[in-house]
Amino acid sequence: MIPDLSGFDMAGYRGIAQEPLRSNRVAPKVKSSADYPPNGDKRTPTILEALKKAGLRDGMVVSTHHHLRNGDEVALQLFEAIRSLGVKDIVWFPSAVFPCHEALIPYLEDGTIHHIEGSLNGPLGDYATEGRMRGLAVLRSHGNRYRSIQDGDVHVDIAVIAAPSSDYFGNCTGAIGKSACGGLGFAVADSEYADHTIVVTDNLVEFPCVPWQIAGNKVDQVVELDTIGDPNQIVAGTTVLTSSPERQRIARLAAEFVKAAGILREGWSFQAGAGGISLSFVVYVQQMMATSGIKASFARGGSTKYLVEMLENGQVGAILDGQTFDLEGVRSIRENPNHVMTTPLNSYCYHTKGNFASILDCAVLGATEVDINFNANVVTHSDGRLLHGIGGWQDALFSQCTILAVPSIRNRIPIIRDELTTLCGPGELIDVIVTERGIAINPMRQDLIDSAKGSGLPLKSIQEIQRESEILAGGKPEQFEPDETTIGLVTWVDGTVIDTIRKVSKKL
Amino acid sequence: MVTGGLAVSFAVGYAGGEVRSDVEITVTPSAQFSFEFSSSTSPLFDQSITHQIETIAKQFGKPKVHLKCIDSGALPMTWIARLTAAFCLASGVSIPPMVSEKRYLPTGLRRSRLYVPANTPKLIPNAPLFRPDAVILDLEESVHANRKVEALAMAAFASEMLDWSGIELMVRVNSGPQGDFDIATLAQSSVATFILPKITCADDVLRVDAILDDSGSHVRLIPLIESALGVEHAFEIASCSERITALSLGLEDYVTDIGATRTIEQSESSFARARVLNAARAAGIMPLASVFPGFQNLDEVEEYARQARNAGYEGIGCIHPNQIDAVHRGFCATPQELEKANQIVETYNSAQVSGGGVIGVDGSMADLPTYLRAKRLIEQSGGGNLS
């Protein structure tokens, strides 16, 4: 299933666990304190001046990060400044994009941005899918983004880090300030490896900003802005559980499965995000753990008030936090020493000395499609359009038991397909599919099959679930042939290309 | 039922906003048949949708209309129902009777009856997954007065195209003339039971009974008493037809009718609950309690079900799938109750074999009524769709 990569300077997928293609990490430039103000004050009045000082020129790689999520107002201010300087063909290297970034389409169209190297969705996803973006969308997981920087696949010329609080030296944190967002873990790689790092903040605090999440020694300049984001869009007041009975059923079946399979036991660990099903899964396991007195050693997330509750009542020993989704998460990461910000290096990066993902007993994830061999897609819709970023999805597949908790049918489209539209994750890492119609265990996991036997759970083959959903849908989806033009590459955690994404015509 | 030719545009189904799994079809007069559609599933089911529209249009003789269809992922069942409703309304004819060979064997339990609005197709296909003892496709209160025809089409095709194994499929029909259309359309379908709303006297039931007899229908009836007058006539209603399999009480309307307010303690309806239950038992049919209006606090739901069970009722109505497990728990005996019931049944059966008379279990008398109660409790706890 290695995609045709002729014409691309990238290696094809070689399997889930191969030797790195390079033997050394890249080394960032050596900097001297002589080049920085002795009083530590690195402030520059505007982004525009900061970009000039950084030596911005055509074709550079400029990175931003998504911890402000849909409330991000930095990317737009950044590209407005770049446009006003007349600089063209910037490669934007975000850690993720959100619907708010639709406002950047005019900057792609006028040539300020050449292309986006990262996962795309929403209007930007459509823009790329329809072949309107000049360069390739290279999709990477969070861990792979870190790896791509440290291995030298991507050289970041200028990193712009949105910091909810910073001092004049560049010590900064996301835990406090009017735009508090929790952790700044996604920006750490850029701060380590970029040629030039600019921190922008709307809350300049006195030196030292403690405890800092990114040390000012990694920062070249600090720019104070009126605002870096809309607090209402950065974190939700509270994360809301799904009200869909079908999705609640999926979450409950997933929770009952981990109990029946013996995964939910004293000292276990799990990862579940803030999506509707994942959040409900956390609530169900919380209830089960309360009843049985079981405690988890740690949880990874996307932290939410539900994980925080478990931490505070002793049901979870620690939260290893990749990003923070609600106000309770922000409060907890600020106040609780057992709620720890992690970076993609700690949690996910494949080219390092182990990571947290494989230690997890269980990860509950979503998917847009699964095939009958348990391979899965998370980035495109079945019509070929870019729908989601990879996020930490590929990285978390390395958990001891990966559960994809998905509806068997979404608006008539069966999720279980004979063949995927886009391959993102190999079936040998995907252990269980939980749908509202039943639970399918990967035949490669005989241990899970044996332990769930006799549990009373609706265990079915993946083909049975596929058949049931196809009967409802009136058959298999019809074949369609996308354009020959490749518009994106889906990369695996080691940087090889696992699949390509092709152009799809605009939907009428 | 609308009759007469098409003069103005109209629409069936819904689109836009949060609508999912439905298709809105706007019908306008035209010199010849034509159609257009946009679909959220495009291009994955474009050929299938085109084929379905053309096939059903042909069945209706390709009326002189233009169809504009906005699809948000409707299943084929929904497409057929919406197209049928559109063509029937355009042609001024009734929804054709659904004639089915399918007959599903009910479990005999009616602890939970899940109401599903028949005009909300998104909610229908997954209703059986939650394992209620019965699903009620509702044509009455949950359907807007202008949407009765399309809801009826949806109920008809849902009854035929979905698998209702292990579940008693019920339809709450309308009262009055629309109810007659509902009954005529579904009398030969796979629907097992009609819920007849707002029944006040035996004649209300007998009129329906006669229609069903004329069509040779197998469908059974559950009268729903929702008024002071209906409560007064409870036994007469319960015993007027052999099609009647249970008697149900609708408290929301009843409480309004007597000028009271519904409370959690239910003291305002104690008379009606006792009267309806007694009438049902006297007529030898199953008494069914009203719906519980809340679905967030499942402990309250379970307690309501337990109280209904203790009072002698055999089931309650559910308005949300979340209630079902709690209801089943409420109708289940506790382990202690179950142990005692098993002991009573065992001891009673042994006494029958040995020719003994009244026997004692745990210091209490265990006669025939005690035995029957114990047996029912075991059935409610162990049979059917226990979660």
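All names here are of chain A. Of all the 8 residues making up strand 12 (residues 296-303), 7 are buried; the element is thus mostly covered by neighbouring parts of the structure. The pairing of strand 11 (residues 268-272) with strand 12 spans 4 bridges and is classified as parallel. For W268, the partnering residue across the bridge sits in strand 12 and is A296. Relative to strand 13 (residues 319-324), strand 12 runs parallel, the two sharing 5 bridges. Counterpart to G301 in the pairing with strand 13 is D321. The β-α-β motif built from strand 12, the intervening helix 10 (residues 305-312) and the parallel element strand 13 has right-handed crossover chirality.

Here we take up the domain arrangement of chain A. Residue and element names in this part refer to chain A. Domain annotation of chain A identifies domain 1 (36-117 + 154-234) and domain 2 (245-481). Inter-centroid distance (C-alpha atoms) of domain 1 to domain 2 is 32 Å. Each side of the interface is counted separately: domain 1 has 13 residues, and domain 2 has 11 residues. Taken together, the two surfaces of domain 1 and domain 2 that pack against each other cover about 970 Å², and 65% of this comes from carbon and sulfur. The tally of links from domain 1 across to domain 2 stands at 0 salt bridges. Our count for the domain 1 to domain 2 interface comes out at 4 residue pairs in polar contact (both at pLDDT 80 or more). By residue class, the composition of the side of domain 1 that touches domain 2 is 7 nonpolar, 5 polar and 1 charged.

This part takes up helix 4 (residues 122-129) of chain A. All names here are of chain A. By the burial criterion, the buried members of helix 4 are L124, G125, Y127, A128 and T129. On the buried face of helix 4, the contacting elements are strand 3 (90-94), helix 3 (105-109), strand 4 (113-116), strand 24 (486-491) and strand 25 (497-502). The first or second residue beyond helix 4 is G131, which carries a positive phi of 80°.

By domain assignment, chain B separates into domain 1 (10-91), domain 2 (112-331) and domain 3 (335-382). Taking the mean C-alpha position of each, domain 1 of chain B and domain 3 of chain B sit 59 Å from one another.

With that out of the way, let us pick up the packing of aromatic side chains. All names here are of chain B. Under the counting rule described, the total for this entry stands at 12 aromatic pairs over all chains. Centre to centre, the rings of F33 and F35 are 6.0 Å apart; their planes meet at 35°, and the pair counts as tilted. Accessibility expressed as a relative area gives 16% for F33, which makes it buried. With 4.2 Å between their ring centres and 20° between their planes, Y348 and Y371 make a pair best called stacked. On the criterion of sequence distance, the pair formed by Y348 in helix 12 (residues 335-354) and Y371 in helix 13 (residues 368-382) is long-range, its members being 23 residues apart.

On to the interface of chain B and chain A, then. Facing the 28 residues of chain B at the interface are 25 residues of chain A. When the two sides are added together, the surface that chain B and chain A hide from each other amounts to roughly 2,200 Å², 55% of it contributed by carbon and sulfur. In terms of surface lost to chain A, no three residues of chain B exceed L44, F45 and L129 of chain B, which account for 32% of the buried area on that side. In this assembly, chain B and chain A are joined by 1 salt bridge. For the salt bridge of D325 of chain B with R252 of chain A, the shortest nitrogen-to-oxygen distance reads 2.5 Å. At the boundary of chain B and chain A, one finds 11 residue pairs in polar contact (both at pLDDT 80 or more). Every element with two or more residues in the side of chain B that touches chain A is listed here: helix 1 (46-59), helix 2 (76-91) and helix 11 (322-331) of chain B.

How each quantity is defined
Residues numbered from 1 in each chain as written. Chains lettered and ligands numbered in written order. Predicted model: local features only at pLDDT ≥ 70, side-chain atom pairs only at ≥ 80, totals over all residues. Heavy atoms only, no water. Buried < 20%, exposed > 50% of the residue type's maximum accessible area, 1.4 Å probe, protein only. Helix = DSSP H or I, 4+ residues; strand = E, 2+ residues; numbered from the N terminus. Pairing = 2+ DSSP bridges. Right-handed = clockwise from strand over helix to strand, strands pointing away. Domains from an automatic or database assignment. Contact = heavy atoms within 4.5 Å. Buried area = accessible area lost by both parts, 1.4 Å probe. Salt bridge = Lys/Arg side-chain N within 4 Å of Asp/Glu carboxyl O. Polar contact = N/O pair within 3.5 Å; in protein donor to acceptor, adjacent residues only side chain to side chain. Nonpolar A, V, L, I, M, F, W, Y, C, P; charged D, E, K, R; others polar. Phe/Tyr/Trp six-rings, centres within 6.5 Å; stacked < 30°, edge-to-face > 60°.

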